[in-house]
Amino acid sequence: MKTSKEWFKEWILENNHPCLMAQTVFKQDHVFLKNYEGFGTHKSTNKILEDLETYIKKYDFTDNNFFTFIACFPKDSTNSEIDFEERLWQQLNFLHQEDDCDWDKSVEKDPEDRNFSFSLKGRAFYIVGMHEKASRLARKTPFPTIVFNLHWQFEKLREMNTYQTVRDRIRKRDKKLQGSINPVLEDFGETSEAKQYSGRMPEKEWKCPFHSKK
């Protein structure tokens, strides 16, 4: 039976996943992947935070190579996109409540703010949710998964003047895979990225169920 990491590596590389950054980190084995239990509950919250802290401490922010942290829940499942979204935000809320670090000052903590990005252990992250009921093929995994992409990585791409090229190539590849670009995707600063985390297209009246600590 394949491990979670073996499954992901095959899915990303052998199936030519549209995300070029994902392909790069798996080719270079720059993936910090861990398994947990109790998606959307408090069960693994502290362990995830411990592992995130280890990941950040090991990250070389002077280098141009990227590393990704992936939290897999191979023993869990979801019933629908709505179910996954609700439990994803429950998990993020638990992580935030137990986090002992201040919010990353480079981003906003109000999920309605267009400069919002999720912060854990003092670092901003762009969250990518994946699960078995996802309508977007690029997010369809056999179990609930949370990918923590450092916000710093996207700023680094901008600094290297490669962000737009990488973004456009990924969207073109996603369109080739599914016939359309994920309509929820927008660049940071255009609108709150919170609505992008679960992968589904939210309703106009959707409100992010995240509440930051006072």
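Residues numbered from 1 in each chain as written. Predicted model: local features only at pLDDT ≥ 70, side-chain atom pairs only at ≥ 80, totals over all residues. Heavy atoms only, no water.

1. Notes on helix H3 (residues 45-58)
Move 1: In this model H3 runs 20 Å from its N-terminal to its C-terminal C-alpha over 14 residues, within 8% of the 20 Å that 1.5 Å per residue would give.
Move 2: Buried residues of H3: Thr45, Ile48, Leu49, Asp51, Leu52, Tyr55 and Ile56, and no others. In a view along the axis of H3, the buried residues occupy a sector of 165°, so they form one face of it. Those residues of H3 that are exposed and angled more than 90 degrees off the buried face are Lys57 and Lys58. (Helix = DSSP H or I, 4+ residues; strand = E, 2+ residues; numbered from the N terminus. Expected span 1.5 Å × (residues − 1). Buried < 20%, exposed > 50% of the residue type's maximum accessible area, 1.4 Å probe, protein only. Arc of directions from axis to C-beta.)

2. Describing the sheet that holds strand E5 (residues 145-150)
Move 1: If you trace the five strands from one edge of the open sheet to the other, you get E1-E2-E5-E4-E3, paired in mixed fashion. Looking at which strands have only one partner, the edges of the open sheet turn out to be strand E1 (31-35) and strand E3 (118-120). Averaged over all neighbouring strand pairs, the angle between strand axes comes to 30°, with direction disregarded.
Move 2: Bridge count for E1 against strand E2 (residues 68-72) is five bridges, and the pairing is parallel. Within the sheet, the bridge partner assigned to valine 31 lies in E2 and is threonine 68.
Move 3: Contacting strand E4 (123-130) and E5, helix H5 (residues 151-159) crosses the sheet at an angle of about 45° to E5. (Pairing = 2+ DSSP bridges. Axes fitted to C-alpha atoms, helices over the stretch in contact; angles between N-to-C directions. Contact = heavy atoms within 4.5 Å.)

3. Quick notes on the pattern of salt bridges
Move 1: In the structure shown here, the tally under the stated rule is 14 salt bridges.
Move 2: Its salt-bridge partner being lysine 121, residue glutamate 53 comes within 3.8 Å of it at the nearest N-O pair. With glutamate 53 in helix H3 and lysine 121 in the loop between E3 and E4, the pair connects residues that are 68 residues apart, well separated along the chain.
Move 3: We classify glutamate 53 as partly exposed; its relative accessible area is 30%.
Move 4: Residue classification places lysine 121 among the buried positions, given a relative accessible area of 13%.
Move 5: One salt bridge in this structure joins glutamate 85 and arginine 200, with 3.1 Å as the shortest N-O distance. (Salt bridge = Lys/Arg side-chain N within 4 Å of Asp/Glu carboxyl O.)

These results come straight from atomic positions and should not be treated as a statement about function.
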